[in-house]
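Overview (structure and organization)
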Amino acid sequence: MDGTVMSGRNSLLCTLLLLGLQVCWAAVTVKVAVTPKVEVMEGQPIKLPCTYEAPGASMVLVEWHIENQGVRTRISFHSGGEKKVDDGTPYTSRVTMGNDNSLNIAAVTVSDERSFICLVNSGVQGVSEASTQVKVYSEPDEPAAVGSTQLLSVTSDKPEEVGTCTAKNGHPQPRIIWYKDTSPLPEVKDINEDMYMAPSVVKESSGLYTIYSRLFMKVTKADKDSEFHCVVEYMMPNSSPLQKNSPPFSLNLHYPMEVMTFSLVNKDPVKEGDDVTMKCETDGNPQPSFDFLKAVNSLDGVVSDGGSVTLPRVTRDSAGNYTCSFLDCDFSDCEEITRTLPLSVHYLDPVKIEPAGPQEAKKGDTVELQCRTKASTDYTLEWKKDSTVLFRDGALSLKSVSLADAGVYTCEGAVPSVPGLMNKATVELVVAGGPEIDAPTNGEVEKEGESVTLRCSAQGYPSPQFTWKPSGKESVNMVGNKMVSTLTLDATAAVMKDGVVCTASNKYGEDSKTFQVVLKKAADSNEAAHADRGNPVYATADKQQGGSSGVVIAVVICVLLLLIVVALLYFLQKKGKLPCGKKDKKEVAGGEVNNDIVVEMKSGEKGNEESELLNKSAQ
């Protein structure tokens, strides 16, 4: 019996050992793989993969779980060919399960930032699981920084709130960094320091964060020129920290005056008629209320704007000492602070010409005029006619005037050191004398009998009277300083032959000019002929013709000279006075000598005829 019991115990032990080995073998062989960490932007879809290895398993159950405060909840499973999403969970309507056992979430929210567990159950072969951590991100809005609206005193003995920064809708929780100009301020939270920050965080119902930061500091006068802003620093999927900047703001500080100035705003020297602006200011803040005086008198009719005062259309009487003052009661007993500004006003008196009034002179007379003025500083005087400068001092002297000297003369006074300060006066000079008629211009008609218009222009004083012979329809008008008589009449045969005489006369004499009337075609032909003479082609032809005649003459003279030389040589040879002739005779003694001399001229028929005559005379 003992042997039977012992045999039963051994059999039970072997069975338990075999089952334990199978369980251990199954735990070792079932392996689950997931992505440990998945980062996603809020609102985007996400896929969480899950794969496993379970060799020899005939039935495998894959489940996805979430965990809340240590309690697991299954949200979906896949077994055999069946896939199902569990009812009554936060993900019932938001997830699906793929054929590859992946968990798909349609639109991620901040609440999805948690661990998702993939559990694989292969029955007797064992159970294994792995978890995926989902990280959800939301980009915060641009931060808003608002500076204090209070007047901050630089003499305060404790830090004052200078600004607040707000950044909304961030996830995970971002942080705020304060900047002064381009330098970040150290993050200090100790309220006993001269500068510190007071941060706060609000988690919205959406799960997003809104963060606040209040900046406190003891301000100094140097902070008046500084700008402050804040930066929100946040994270995005798979990236380094990113930043967004707020618009900058400056501080309104209260600090005492150290320097006061009273100055002239006008850049150029002041002259009569200018509007003058004077500005009084201090380097303190806020600016005080200023009082302006001239000597000890208040200013009437001025335009005041804070620290500026404007004097409209100043005169030389506006010159003098001006004072600006205010009562300084900031950080000591009240004290009156005063500054003085001397104002100089430049002037130039009206220009006067002596003798005054229009001047009349006869032809050949000498005219002398003088212009005078006074000014606050050095000035110049110039005499002009039209735009031509005649003299650069106050005296105008015209010797032996003619009718051309008549007209309007201007004396201009100016102060070179003061732009725009000038005055001028004018005088009219009338030159009396007999008329002078301008060179006449011929009239033109298409044919005899047509009407023609002639213009006779004359200068003289008194204004001349015109007489035309023969007469016609006449009108007279003034053009500049000349009188112009316009005559219209018929171009009769007598007019075409003798022309028309214009006579201008006044009490000092008269002048006459004859105006010719010609046919327009004839006039055009004459003009064309004159134009052709001026044409380079015609000029070249004329030169070529003259050149050809010269060449012919030169050739004739050369031919004549050559004939004379030939005749002379022939004559000397006949007389035997040429040595070369004797030698030639000896050399040709055995042969027949031909004494005929033929001169062949190829340059013209005249040369040929003269050669034939020479041959005949030789025979």
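Preceding this section is the structure that the text describes.
Everything quoted here is computed from the prediction, not taken from an experiment.

What follows deals with the overall build of the protein. Counting secondary structure elements, the protein contains six helices and 45 strands. When the 619 residues of the protein are sorted by exposure, 34% land in the buried category. A separation of at least 24 residues holds for 59% of the contacts in the protein among residues at least 6 apart in sequence. Roughly 37,100 Å² of accessible area belongs to the protein as shown, and the carbon and sulfur atoms make up 52% of that amount.

Once that is clear, we can look at a nonpolar patch on the surface. Residues Ile553, Ile557, Leu561 and Ile564 make up a contiguous nonpolar surface patch of roughly 410 Å² in combined accessible area. Along the polypeptide, isoleucine 557 turns up in helix α4 (residues 536–575). For isoleucine 557, a relative accessible area of 46% puts it in the partly exposed group.

Strand order in the open sheet formed by three strands is β3-β9-β8, with antiparallel pairing between adjacent strands. Lying at the two open borders of the sheet, with one neighbouring strand each, are β3 (46–48) and β8 (95–97). On average, each strand axis in the sheet is inclined to that of its neighbour by 20 degrees, with strand direction left out of account. By the bridge criterion, three bridges tie β3 to strand β9 (residues 103–105) in an arrangement that is antiparallel. Across the sheet, the residue bridging to leucine 48 is leucine 103, located in β9.

The sheet built from four strands is open, its strands ordered β12-β14-β18-β17 with antiparallel pairing. Edge strands, defined here as strands with exactly one partner in the open sheet, are β12 (144–147) and β17 (195–203). Adjacent strand axes in the sheet meet at a mean angle of 15 degrees, parallel and antiparallel pairs treated alike.

Bringing the environment of lysine 37 into the picture now. By secondary structure assignment, the location of lysine 37 is in strand β2 (residues 37–41). For lysine 37, the contacting residues outside a window of four places in its chain are Gln133 and Lys135.

Here we come to the packing of aromatic side chains. For any pair of aromatic rings, the description consists of the separation of the ring centres together with the inter-plane angle of the planes. If you walk through the whole model with that rule in mind, you get seven aromatic pairs. Taking the centre distance of 4.8 Å and the plane angle of 10 degrees together, the rings of tyrosine 196 and phenylalanine 216 count as stacked. Taken together, the residues tyrosine 196 in strand β17 and phenylalanine 216 in strand β18 (residues 209–217) connect sequence positions 20 residues apart. The pair tyrosine 196 / phenylalanine 216 is uniform in exposure class, with both members buried. Ring geometry for phenylalanine 290 and phenylalanine 326: centres 5.7 Å apart, planes at 80 degrees, overall edge-to-face. In this pair, phenylalanine 290 sits in the loop between β23 (276–282) and β24 (291–294) while phenylalanine 326 sits in strand β28 (residues 320–328), placing the two residues 36 residues apart along the sequence. Per residue, the accessibility class of phenylalanine 290 equals that of phenylalanine 326, and both read buried. An aromatic cluster of three or more residues is present, and its members are Trp178, Phe228 and Phe249.

Moving on: unusual backbone geometry. Here the residue pair glutamate 354 and proline 355 is connected by a cis peptide bond, since its omega of -10 degrees sits within 30 degrees of zero. Topologically, proline 355 is positioned in the loop between β30 (352–354) and β31 (359–362). A cis amide bond links lysine 469 with the next residue in sequence, proline 470, at an omega value of -10 degrees. Note on placement: proline 470 falls in the loop between β40 (465–469) and β41 (473–479). One non-glycine residue with positive phi stands out, namely glutamine 69, at about 55 degrees. Within the element layout of this structure, glutamine 69 appears in the loop between β5 (61–68) and β6 (71–79). Judged by its relative accessible area of 80%, glutamine 69 is exposed. Residues other than glycine seldom take positive phi values, yet serine 400 does so here, at roughly 45 degrees. For serine 400, the position within the fold is in the loop between β35 (395–398) and β36 (407–414).

A few words on the state of the cysteines. Going through the model one piece at a time under the given rule, you end up with five disulfides. One disulfide in the model links cysteine 165 with cysteine 230; its S-S distance is 2.0 Å. Where cysteine 165 bonds to cysteine 230 through sulfur, the torsion about that S-S bond is close to 70 degrees, and the disulfide is right-handed. Note that cysteine 165 is positioned in strand β14 (residues 160–170) and cysteine 230 in strand β19 (residues 228–234), a separation of 65 residues in sequence. Across the disulfide from cysteine 280 sits cysteine 324; the S-S distance is 2.0 Å. Between cysteine 280 and cysteine 324 the sulfur-sulfur dihedral comes to about -95 degrees; the bridge is accordingly left-handed. Here cysteine 280, found in strand β23, pairs with cysteine 324, found in strand β28; they are 44 residues apart in sequence, far enough to count as distant. What makes cysteine 324 buried here is its relative accessible area of 0%.

Parameters at a glance
Residues numbered from 1 in each chain as written. Predicted model: local features only at pLDDT ≥ 70, side-chain atom pairs only at ≥ 80, totals over all residues. Heavy atoms only, no water. Helix = DSSP H or I, 4+ residues; strand = E, 2+ residues; numbered from the N terminus. Buried < 20%, exposed > 50% of the residue type's maximum accessible area, 1.4 Å probe, protein only. Contact = heavy atoms within 4.5 Å. Areas by Shrake-Rupley, 256 points an atom, 1.4 Å probe, with all protein chains shown as cover. Patch = residues over 30% accessible without salt bridge, like charges linked within 9 Å, V, L, I, M, F, W, Y side chains within 5 Å. Salt bridge = Lys/Arg side-chain N within 4 Å of Asp/Glu carboxyl O. Pairing = 2+ DSSP bridges. Axes fitted to C-alpha atoms, helices over the stretch in contact; angles between N-to-C directions. Phe/Tyr/Trp six-rings, centres within 6.5 Å; stacked < 30°, edge-to-face > 60°. Disulfide = S-S within 2.5 Å.

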